[in-house]
Amino acid sequence: MTEALLDVKKLANYINGEWVEVEGETTPVVNPATGETVLEVPLSDKTAVDAAVKAAKHAQKEWALVPAPQRAEILYEVGHIMKKRKEKLAYLLTLENGKVLEEARGEVQEGIDMAFYMAGEGRRLFGQTTPTELQNKFAMSVRAPIGVVGIITPWNFPIAIATWKSFPAIVAGNSVVWKPATETPIMAYELAKIFEEAGLPKGVINVVFGSGSTVGDAMVHHDDIRVISFTGSNETGRNIAAECGRQLKKVSLEMGGKNAVIVMDDADLDLAVEGIIWSAFGTSGQRCTACSRVIVHEDVKETLEERLLHAMEQLTIGNGTDESVRVGPIINQAGMDKIKKYVEIGKEEGAKLLAGGYEMTDGDYEKGHFFAPTLFTDATIDMRIAQEEIFGPVVSLIPVKSFEEAIEANNSVSYGLSSSIFTKDVNRVFTAQRDLDTGIVYVNAGTTGAEIHLPFGGTKGTGNGHRDSGVQALDVFTEWKAVYVDYSGKLQRAQIDTE
């Protein structure tokens, strides 16, 4: 099936509407469930970035003059093509990323939804008209494109996050240079083909494959890229922000999370268990919204532990292309090593390991990267496993005595992406909405499951204040322009000629 879906063995960059072969070093794209090489991806150098930016800069001038509703028609067509190819895209996504097919289909659907949503913005892109302080004068504000946008996307959501960034950038009249993760380049290849088929003019989107240290760094430093939108690690995000600050370049960062589910003493525990299992072990815990902390009232702690352990025993782990599997592999050995390190840290810190905590290597697991879903209990808020992002199927229970202590525990980390509370008390619900210091709050649901028409992002160390998705995403890719039209026939001076 793989060979029937993939028409290449080595990827090429997509620059100015052409597939440009790259000479030199490549790196394999490895199926994390089987260890098999799917294809080779090139490691481009700075010259490829320069060529992509040159094409994007030239194309953007003409693209910005295309009426926004016409730009939107391209996105509508992209959405229709993605819808027709949903099953193919989902399978290829599972092949390179490992997530189970059900989740892969959901991710592709997220891209489809974003296409239609952002296409709708082509007939909005609203500004404002306002009164002026002078007679015979008109004032308004409008959104204007910025120019060439650089997007750098991660491997864990290789098509969804790309659509969060590229679709609003394009409908707003910008052009794009995109560096996808080297672990998951197939979605970039497929999406570029879809844009081409949909009729996007040459140069409006360009894909350059390669490492972050080479391609990403060249993009961040390029004078003609005026916006960088990045999703990835905090360390890399801080470095990007510092460099963009020196250049007065606009930057949008979406980084880590240390998300918590609060389970109060009046919670529906069966519902809470479902939410925790999905949030902690979906995508094998490899998502920025994953639940890695459960803050539980001490009165229901033991019961919750028992029900979580029972639910974890029912989880099927394996190759994501098997429809019966619910937890797929870890992306690569580096990811495995990090998870194993944190399990040892948790033990050393005194947390009690209730389940999992080991690499799975026997039988069908031998050639892939699989880690058993892991549950710690009796963790405290100062432990590293309760403070630092693990990015794997590891969750820690933190007992508390009160609602107020639960809120404090949730807010005790340096991240602020997503939080959740299970309770039947409406007063607690509204207090939690107000006091949980995260960009996303769920009530009686897990920490994951964002919808594309709401802003996605977080507070504190999770980002720098911008948001992906929702109409708020347009703020990243547009500048506000104030326009004054004086039809008085004489010079009128604001703040002076008003008396």
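Residues numbered from 1 in each chain as written. Predicted model: local features only at pLDDT ≥ 70, side-chain atom pairs only at ≥ 80, totals over all residues. Heavy atoms only, no water.

Per the secondary structure count, the protein includes 15 helices and 23 strands. A compact globule built from 499 residues would reach a C-alpha radius of gyration of about 23 Å, and the protein, at 24 Å, matches this within 12%. Put simply, the protein has 499 residues, and 57% of those count as buried. Long-range contacts, defined here as pairs at least 24 residues apart, represent 74% of the contacts in the protein between residues at least 6 apart. (Helix = DSSP H or I, 4+ residues; strand = E, 2+ residues; numbered from the N terminus. Rg over C-alpha atoms; globule rule 2.2 N^0.38 Å. Buried < 20%, exposed > 50% of the residue type's maximum accessible area, 1.4 Å probe, protein only. Contact = heavy atoms within 4.5 Å.)

Okay, the side chain of Gln286 next. With respect to the secondary-structure elements, Gln286 resides in the loop between helix 10 (269-281) and strand 13 (291-297). With relative accessibility at 3%, the residue Gln286 sits in the buried group. If sequence neighbours within four positions are ignored, Gln286 has contacts with Trp155, Asn156, Pro329, Ile330, Ile331 and Phe391.

By the secondary structure assignment, Ile240 is in helix 9 (residues 234-247). In the structure, Ile240 is positioned 19 residues away from His221 in sequence and 9.2 Å away in space, judged by C-alpha atoms. With residues up to four places along the chain from it excluded, the contact list for Ile240 reads Ile152, Val220, Ile228, Phe230, Val251 and Leu253.

This brings us to the pairing of strand 8 (residues 175-179). With respect to burial, strand 8 is a largely interior element, five of its five residues being buried. Burial of the side chains of strand 8 extends over both faces: Ser175, Val177 and Lys179 are buried on one face and Val176 and Trp178 on the other. Bridge analysis of strand 7 (residues 148-152) against strand 8 gives five bridges, and the strand direction is parallel. If you follow Gly150 over to strand 8, its bridge partner there is Val177. (Pairing = 2+ DSSP bridges.)

Here we come to the packing of helix 3 (residues 68-84) against helix 7 (residues 186-198). One can describe the packing of helix 3 onto helix 7 by two numbers: an axis separation of 9 Å at closest approach and a directional angle of 125 degrees. Relative to helix 7, the element helix 3 lies oblique. In the packing of helix 3 onto helix 7, the handedness of the crossing is right-handed. Residues Ile74, Leu75, Glu77, Val78, Ile81 and Met82 of helix 3 form the contact with helix 7, whose participating residues are Leu191, Ile194, Phe195, Glu197 and Ala198. Across the contact of helix 3 with helix 7, the residue classes tally to nine nonpolar, no polar and two charged. (Axes fitted to C-alpha atoms, helices over the stretch in contact; angles between N-to-C directions. Parallel < 35°, antiparallel > 145°, perpendicular 65-115°, else oblique. Left-handed = near helix turned anticlockwise from the far one by under 90°. Nonpolar A, V, L, I, M, F, W, Y, C, P; charged D, E, K, R; others polar.)

Bringing the environment of Asp45 into the picture now. Along the chain, Asp45 turns up in the loop between strand 4 (37-42) and helix 2 (46-63). Exposure remark for Asp45: the relative accessible area of 42% places this residue in the partly exposed category. For the pair Asp45 and Ala198, spaced 153 residues apart in sequence, the C-alpha to C-alpha distance is 29 Å. Polar side-chain contacts of Asp45 include one of 2.4 Å to the side chain of Thr47. (Polar contact = N/O pair within 3.5 Å; in protein donor to acceptor, adjacent residues only side chain to side chain.)

Time to look at the packing of aromatic side chains. For the structure on display, the rule yields seven aromatic pairs. Considering the side-chain rings of Trp155 and Phe391, the 5.7 Å spacing of their centres and the 85 degrees angle between planes classify their relative orientation as edge-to-face. Here Trp155, found in the loop between strand 7 and helix 6 (160-171), pairs with Phe391, found in the loop between strand 17 (374-377) and strand 18 (394-400); they are 236 residues apart in sequence, far enough to count as distant. When the ring of Trp164 is compared with that of Phe456, the centres are 4.7 Å apart and the planes differ by 50 degrees; the resulting orientation is tilted. Residue Trp164 is found in helix 6, and its partner Phe456 is found in the loop between strand 21 (440-443) and strand 22 (459-460); the two are separated by 292 residues along the sequence. Overall, Trp164 belongs to the buried group, its relative accessible area being 6%. Connected via pairs of aromatic rings, a cluster forms that spans Tyr14, Trp19 and Tyr189. Its end group placed over the ring of Phe157, Lys99 keeps NZ or CZ at 3.6 Å from the ring centre. (Phe/Tyr/Trp six-rings, centres within 6.5 Å; stacked < 30°, edge-to-face > 60°. Lys NZ or Arg CZ within 6 Å of the ring centre and 35° of its normal.)

Counting across every chain of the model gives 28 salt bridges. Arg105 serves as the salt-bridge partner of Glu87, at 2.8 Å between the closest nitrogen and oxygen. On the criterion of sequence distance, the pair formed by Glu87 in helix 4 (residues 86-97) and Arg105 in helix 5 (residues 101-121) is long-range, its members being 18 residues apart. With a shortest N-O distance of 3.8 Å, Asp437 and Lys460 are connected by a salt bridge. Taken together, the positions of Asp437 in the loop between helix 14 (426-435) and strand 21 and Lys460 in strand 22 put the pair 23 residues apart, joining distant regions of the chain. Accessibility expressed as a relative area gives 32% for Asp437, which makes it partly exposed. (Salt bridge = Lys/Arg side-chain N within 4 Å of Asp/Glu carboxyl O.)

If you look at the biggest cluster of nonpolar residues, it comprises 74 residues, and the most contacted ones within it are Met82, Phe167, Trp178 and Phe195. Listed in part, the 30 residues of the second largest apolar core include Leu269, Ile277, Phe281 and Ala311. (Core = buried A, V, L, I, M, F, W, Y, C linked by side-chain atoms within 4.5 Å.)

Let us look at the state of the cysteines. The full count for this structure, using the stated rule, is zero disulfides. Counting only cysteine sulfurs, Cys288 is the nearest neighbor of Cys244, a cysteine outside any disulfide, at a range of 20 Å. For Cys291, which is in no disulfide, the shortest distance to another cysteine sulfur is to Cys288 and amounts to 14 Å. Under the relative-accessibility criterion, Cys291 is labelled buried at 1%. (Disulfide = S-S within 2.5 Å.)

This paragraph deals with the sheet that holds strand 20 (residues 418-422). With mixed pairing, seven strands are arranged side by side in an open sheet as 14-17-18-13-12-20-21. Unpaired on one side and paired on the other, strand 14 (352-355) and strand 21 mark the two borders of the sheet. Adjacent strand axes in the sheet meet at a mean angle of 20 degrees when their direction is disregarded. With five bridges connecting them, strand 13 and strand 18 associate as parallel partners. Within the sheet, the bridge partner assigned to Val294 lies in strand 18 and is Leu397.

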